[in-house]
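What follows is the residue order along each chain.
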Amino acid sequence: MVDLREFLNQLETENELIKIEEEVSTKFEIAAIIKKLETEKAVFFKKVKESNFSVVAAVCGNRKRICKALNVVPEKLYEKILQALKFPKKPSMAGDGKVKEVWEKPNLKNFPILTHYEKDAGPYITSAIISAKSPDGKIENVSIHRLLVLGKDKLVIRIVPRHLQKLCEMAKESGKKTLDIAICIGVHPAIFLAAASPAPFGLSEYEVANSLLDGKLKLLDCENVDVRVPSDAEIVFEGKILLDGKVSEGPFTDVTQTYDIVRLQPTIKLVGIMRRKNCIYQALLPGGTEHRLFMGLAREAKIWETVKAVVPTVKAVRLTDGGCGWLHAVVSIKKQLEGDGKNVVFAAFTAHPSLKHVVVVDEDINVENLLEVEWAIATRFQADKGLIKIENVRGSTLDPSANQETGTTTKLGLDATKPLSKPPEKIEK
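Being a predicted model, the structure only gives us computed values, none of them experimental. (Residues numbered from 1 in each chain as written. Predicted model: local features only at pLDDT ≥ 70, side-chain atom pairs only at ≥ 80, totals over all residues. Heavy atoms only, no water.)

J.: I'd like a rundown of helix H9 (residues 340-351), residues and numbers included.
T.: Between the first and last C-alpha of H9 there are 16 Å, a value that for 12 residues agrees with the 16 Å anticipated at 1.5 Å per step. When we look at burial in H9, the residues that qualify are Asp340, Gly341, Val344, Val345, Ala347, Ala348, Phe349 and Ala351. Looking at the buried positions of H9, the neighbouring elements they touch are helix H8 (289-310), strand S20 (328-333), strand S21 (357-362), strand S22 (387-394) and strand S23 (408-415). (Helix = DSSP H or I, 4+ residues; strand = E, 2+ residues; numbered from the N terminus. Expected span 1.5 Å × (residues − 1). Buried < 20%, exposed > 50% of the residue type's maximum accessible area, 1.4 Å probe, protein only. Contact = heavy atoms within 4.5 Å.)

J.: Go over the sheet that holds strand S4 (residues 92-93) with me, naming the residues and quoting the values.
T.: Across the sheet, 3 strands lie side by side as S4-S12-S13; this open sheet has mixed pairing. Across the chains shown, the open sheet's two edge strands, defined by having one partner strand only, are S4 and strand S13 (228-230). Relative to S13, strand S12 (residues 218-221) is paired through 3 bridges, and the arrangement is antiparallel. Directly across from leucine 220, in S13, lies its bridge partner valine 229. (Pairing = 2+ DSSP bridges.)

J.: Give me the lowdown on the nonpolar core, citing residues and values where you can.
T.: Judged by nonpolar contacts, the single largest core of 78 residues is most densely connected at Ile129, Tyr206, Val229, Val236, Ile303 and Val331. Examining the composition of this core, we find that 8 residues originate from one element, H8, more than from any other. Beyond its immediate sequence surroundings of up to four residues, isoleucine 129 is in contact with Val142, Ser143, Ile144, Ala182, Ile183, Cys184, Val187, Ile191, Phe192, Ala195, Tyr206 and Pro230. In terms of nonpolar packing, the next biggest core, distinct from the first, is built from 45 residues, Val24, Val48, Ala171 and Ile273 among them. (Core = buried A, V, L, I, M, F, W, Y, C linked by side-chain atoms within 4.5 Å.)

J.: Hey, could you go over the layout of surface pockets for me, with residue numbers and the actual values?
T.: To locate leftover empty space, one rolls a probe as large as a water molecule over the atoms. Put simply, the largest pocket is a space of about 1200 Å³. Along the walls of the largest pocket sit 47 residues, with Val160, Arg162, Met295, Trp326 and Leu398 positioned nearest its centre. Contributions of two or more residues to the lining of the largest pocket are made by strand S8 (140-144), helix H5 (163-173), helix H6 (189-195) and H8. With 5 residues, H8 is the single largest residue contributor to the lining of the largest pocket. Here the lining of the largest pocket is built from residues that sort into 19 nonpolar, 17 polar and 11 charged. (1 Å grid on protein atoms, 1.4 Å probe; cavity = no way out; pocket = protein on both sides within 12 Å on 5 of 7 lines; lining within 4 Å. Points joined across faces, edges and corners; volume = space filled by probe spheres on them. Nonpolar A, V, L, I, M, F, W, Y, C, P; charged D, E, K, R; others polar.)

J.: So what about the packing of aromatic side chains? Which residues, and what values?
T.: Enumeration according to the criterion identifies 5 aromatic pairs in this entry. Considering the side-chain rings of phenylalanine 111 and phenylalanine 237, the 5.1 Å spacing of their centres and the 80 degrees angle between planes classify their relative orientation as edge-to-face. Residue phenylalanine 111 is found in the loop between strand S5 (102-104) and strand S6 (124-125), and its partner phenylalanine 237 is found in strand S14 (residues 235-249); the two are separated by 126 residues along the sequence. Members of the aromatic cluster, each reached through a chain of ring pairs, are Phe53, Phe111 and Phe237. The ring of phenylalanine 44 has lysine 19 lying over it, and the distance from NZ or CZ to the ring centre is 5.7 Å. (Phe/Tyr/Trp six-rings, centres within 6.5 Å; stacked < 30°, edge-to-face > 60°. Lys NZ or Arg CZ within 6 Å of the ring centre and 35° of its normal.)

J.: Hey, could you go over the sheet that holds S22 for me, with residue numbers and the actual values?
T.: What the 5 strands build is an open sheet, ordered S19-S20-S21-S23-S22; its pairing is mixed. Each end of this open sheet is capped by a strand with a single partner; those strands are strand S19 (314-319) and S22. Each neighbouring strand pair of the sheet contributes to a mean axis angle of 15 degrees, computed without reference to strand direction. In this structure, S21 lies alongside S23, joined through 4 bridges in parallel fashion. Looking across to S23, one finds that valine 358 is bridged to glycine 413. Contacts from H8 reach S19 and S20 within the one sheet, and its direction differs from that of S19 by about 150 degrees. Against the sheet, helix H10 (residues 370-380) engages S20, S21 and S23, with an angle of about 80 degrees to S21. (Axes fitted to C-alpha atoms, helices over the stretch in contact; angles between N-to-C directions.)

J.: Quick one: what's the story with unusual backbone geometry, residue by residue and with numbers?
T.: With an omega of 5 degrees, the peptide bond between glycine 250 and proline 251 qualifies as cis. Structurally, proline 251 is set in the loop between S14 and strand S15 (252-253). Positive phi values are uncommon outside glycine, yet aspartate 214 reaches one of about 55 degrees. Inspection of the secondary structure puts aspartate 214 in the loop between helix H7 (205-212) and S12. By relative accessible area, which is 48% here, aspartate 214 ends up partly exposed. Within the chain, asparagine 278 stands out as a residue other than glycine whose phi angle is a positive 50 degrees. Asparagine 278 sits in the exposed class, given a relative accessible area of 65%.

Pasting the structure below:
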């Protein structure tokens, strides 16, 4: 099953999808409803005031639905993600697909693009995967970027210093003035998760997605740009990133639930649209649970793998909600030697450089229960023995408290494991 609609049908059958019959607005109203419901069920908005198309959101608003999408039990989730990164599979090509049912000229005004929060700069596309190739066609990248609507055929894209930026630089160095891209909306969750994964430059995230989907992903070529897209996507905006000249992007509510700063970013000129008949527009709430899960899940898996290489008895890893699913991690271990906790701290920072705080606890602490985590800190942590402080190191661009000029921060690790020699026991209620 590689089709978003098939997955939605499965969720509806299993009472994991709620349908909103009343007419709703793309301006704030849909976002407010998503915020209330996303952890409970996926949400389908049948009638949208500003568009003839329906909206679906919170498709993977909790871990249970992600596991369902990947057809894996929770205990094997990390292993499945890591296996896909280590053993990617090339997708097959389709000559045609459902996404080519309708071809039309660009007009973003026809689509139910949401304005999420009061101070956002305007309507933002937040749930799209963007695919592009290097000028020689040998490198393909698939990634997720927010897109601010500037007009019926114009967007501004936020590009962080990673793989898409490198492709832009390669195109510019080769003398090109634009970079072909495809903006895909409404894809299977496995494709979205792969696009958010830390795949190395040169490995197409489509191959990671195909591995997650057990080899069932099919791609096709776009009509107006030299880019590949999933054949069963709901909507594809074909476009070109303009490599010369930038405009203001932001403010925008990011995963930290704070407004990101305004930056000069590249613009996109749309050249065509492919879509399904009666296409479904997929939305993602910025700073919501689904946003945090998609951003952080593959990083959790990498932390688990890296920690396991240092302390094989790692039990669980969690990027916490309070840490925005990105900046704070809790790791539980079965401690074997004094010093294991500190080794875990350094391993976690290595696996996920954006981490700011790491708490290491014993296996009897539930990493999902922050009351238990705080209890471990209160009863098992001593700052003169278990505190690790690392000053002036690379932090996350998403951390609003980091040095905005240098990008540096101070990181803390807390070894809240009990000493092997004299362990205070936790009384079970």
